[in-house]
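If you want the building blocks of each chain, they are given just below.
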Amino acid sequence: MNNHKYAALRKQDHFYEMSVVALSNAQTMVYFFYMVFCVLFGIVALFFLATMNGNLVKLIYAVFSGLLSFMMYYLASHARIEYDYTFTNGVLEIAKIINFKKRVPVVSIDVSVIQDMGPITSNRFQTYFNNKEIKRVNAFLNKGEHLYYFKISKENKSVVYIFEPDGELAGLIKMYNEDCVNL
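Reading the values: rules and limits
Residues numbered from 1 in each chain as written. Predicted model: local features only at pLDDT ≥ 70, side-chain atom pairs only at ≥ 80, totals over all residues. Heavy atoms only, no water. Pairing = 2+ DSSP bridges. Helix = DSSP H or I, 4+ residues; strand = E, 2+ residues; numbered from the N terminus. Axes fitted to C-alpha atoms, helices over the stretch in contact; angles between N-to-C directions. Contact = heavy atoms within 4.5 Å. Buried < 20%, exposed > 50% of the residue type's maximum accessible area, 1.4 Å probe, protein only. Lys, Arg positive; Asp, Glu negative; His and termini not counted. Salt bridge = Lys/Arg side-chain N within 4 Å of Asp/Glu carboxyl O. Polar contact = N/O pair within 3.5 Å; in protein donor to acceptor, adjacent residues only side chain to side chain. Core = buried A, V, L, I, M, F, W, Y, C linked by side-chain atoms within 4.5 Å. Expected span 1.5 Å × (residues − 1). Phe/Tyr/Trp six-rings, centres within 6.5 Å; stacked < 30°, edge-to-face > 60°. Lys NZ or Arg CZ within 6 Å of the ring centre and 35° of its normal.

Trainee: Describe the sheet that holds strand E6 (residues 135-139), with residues and values.
Mentor: Here 4 strands make up an open sheet; going across it, the order is E5-E7-E8-E6 and the pairing mixed. If you trace the sheet from one side to the other, it starts and ends with strand E5 (116-119) and E6, each paired once. Strand-to-strand twist across the sheet, computed as the mean angle between neighbouring axes with direction ignored, equals 20 degrees. Here helix H4 (residues 123-130) sits on the sheet and contacts E5, E6, strand E7 (148-154) and strand E8 (157-163); the angle it forms with E7, its principal contact strand, is near 50 degrees.

Trainee: Talk me through the side chain of Ser77; I want residue IDs and the actual numbers.
Mentor: Among the secondary structure elements, Ser77 is positioned in helix H3 (residues 56-77). Classification of Ser77 as buried rests on a relative accessible area of 17%. Apart from residues no more than four positions distant in its own chain, Ser77 is found in contact with Ile98 and Asn99.

Trainee: Quick one: what's the story with the side chain of Arg80, residue by residue and with numbers?
Mentor: For Arg80, the position within the fold is in the loop between H3 and strand E2 (81-88). Buried and unpaired, Arg80 has no salt bridge, with Glu82 as the nearest side chain of opposite charge at 8.4 Å. At 3.4 Å, the side chain of Arg80 forms a polar contact with the side chain of Tyr31. Ignoring sequence-local partners within four residues, the contact set of Arg80 consists of Gln27, Tyr31, Ile97, Ile98, Asn99 and Phe100.

Trainee: Quick one: what's the story with the nonpolar core, residue by residue and with numbers?
Mentor: Within the largest apolar cluster, 29 residues are counted, with the highest numbers of intra-cluster contacts made by Leu92, Ile94, Met117, Phe150, Phe163 and Ile173. Mapped onto this core, the elements with two or more residues apiece are strand E1 (15-20), E2, strand E3 (91-98), strand E4 (102-110), E6, E7, E8 and helix H5 (167-176). Top element by residues in this core is H5. It accounts for 5 residues. Ranked by size, the runner-up nonpolar core spans 9 residues in total, among them Ile120, Leu147, Tyr149 and Val160.

Trainee: I'd like to hear about the environment of Ala26, residue by residue, with values.
Mentor: Inspection of the secondary structure puts Ala26 in helix H2 (residues 26-50). Along the chain, Ala26 and Phe140 lie 114 residues apart, while their C-alpha atoms are 15 Å from each other.

Trainee: Any details on the pairing of E3? Residues and values, ideally.
Mentor: Where E2 lies against E3, 8 bridges are found, and the strand directions are antiparallel. Counted as the bridge partner of Thr86 is Glu93 from E3. Pairing of E3 with E4 involves 8 bridges; the strand directions are antiparallel. Each bridged residue has a counterpart across the sheet, and for Ile98 the counterpart in E4 is Lys102. Counted between consecutive antiparallel strands, the loop separating E3 from E4 contains 3 residues, among which Asn99 sits at a positive phi close to 55 degrees.

Trainee: How would you summarise H3 if you had to cite specific residues and measurements?
Mentor: In this model, H3 (22 residues) spans 32 Å end to end at C-alpha, consistent with the 32 Å of a helix rising 1.5 Å per residue. Considered for burial, the residues of H3 that qualify are Ala62, Ser65, Leu68, Ser69, Met72, Ala76 and Ser77. Those residues of H3 hidden inside the fold are in contact with H2 and E3. Two or three places before Val57, at the opening of H3, Asn55 has a side-chain oxygen 3.0 Å from that residue's backbone nitrogen.

Trainee: Go over the packing of aromatic side chains with me, naming the residues and quoting the values.
Mentor: Per the stated rule, a full pass over the model turns up 12 aromatic pairs. Between Tyr85 and Phe163, the aromatic rings sit 5.6 Å apart at their centres with planes inclined by 80 degrees, giving edge-to-face as the arrangement. Of this pair, Tyr85 sits in strand E2 while Phe163 sits in strand E8, placing them 78 residues apart in sequence. With respect to burial, Tyr85 and Phe163 carry one shared label: buried. Among the aromatic residues, those joined into a cluster by ring pairs are Phe33, Tyr34, Phe37 and Phe41. The positively charged end of Arg136 is found above the aromatic ring belonging to Phe129, 4.5 Å away from the centroid.

Any functional reading would require information that these geometric values do not contain.
If you want it as structure tokens, here you go:
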């Protein structure tokens, strides 16, 4: 992209935000499954504690059931995932949202450093995918041909991010890096 065109883009504000949610109900079903077993193991642990009467075996069962209950709670708290993609004047930020509460940054980059971007159905992506030296980061929930990748260098290593932008977000990225983005 020539400098004049890039400078004109910089004078305008470009902001776009989108959330990616799972299209199936599988996450909700898994969350429900974990919570049901969390409660069941908790009740079993309380039962063994209440009827222990100095019995060491029941104490071991109570502790084991309590640990299983905690494990189910932990898994439930990480069962529902979303991704937020935010584009602000040439900067793309991807964050993972866990259980509607915890926001974990995945990457924040100026899109001008993207070396290659395109649909995952391209031959270039297959080359990157098969290269074990390139780190892959998944930032998507819904599998399919609508996914895109972008490649950057981070600490002298190649990293490929796979994500699912909509047409508007992909267009904004291309606007700021026409030479390396293939839509």
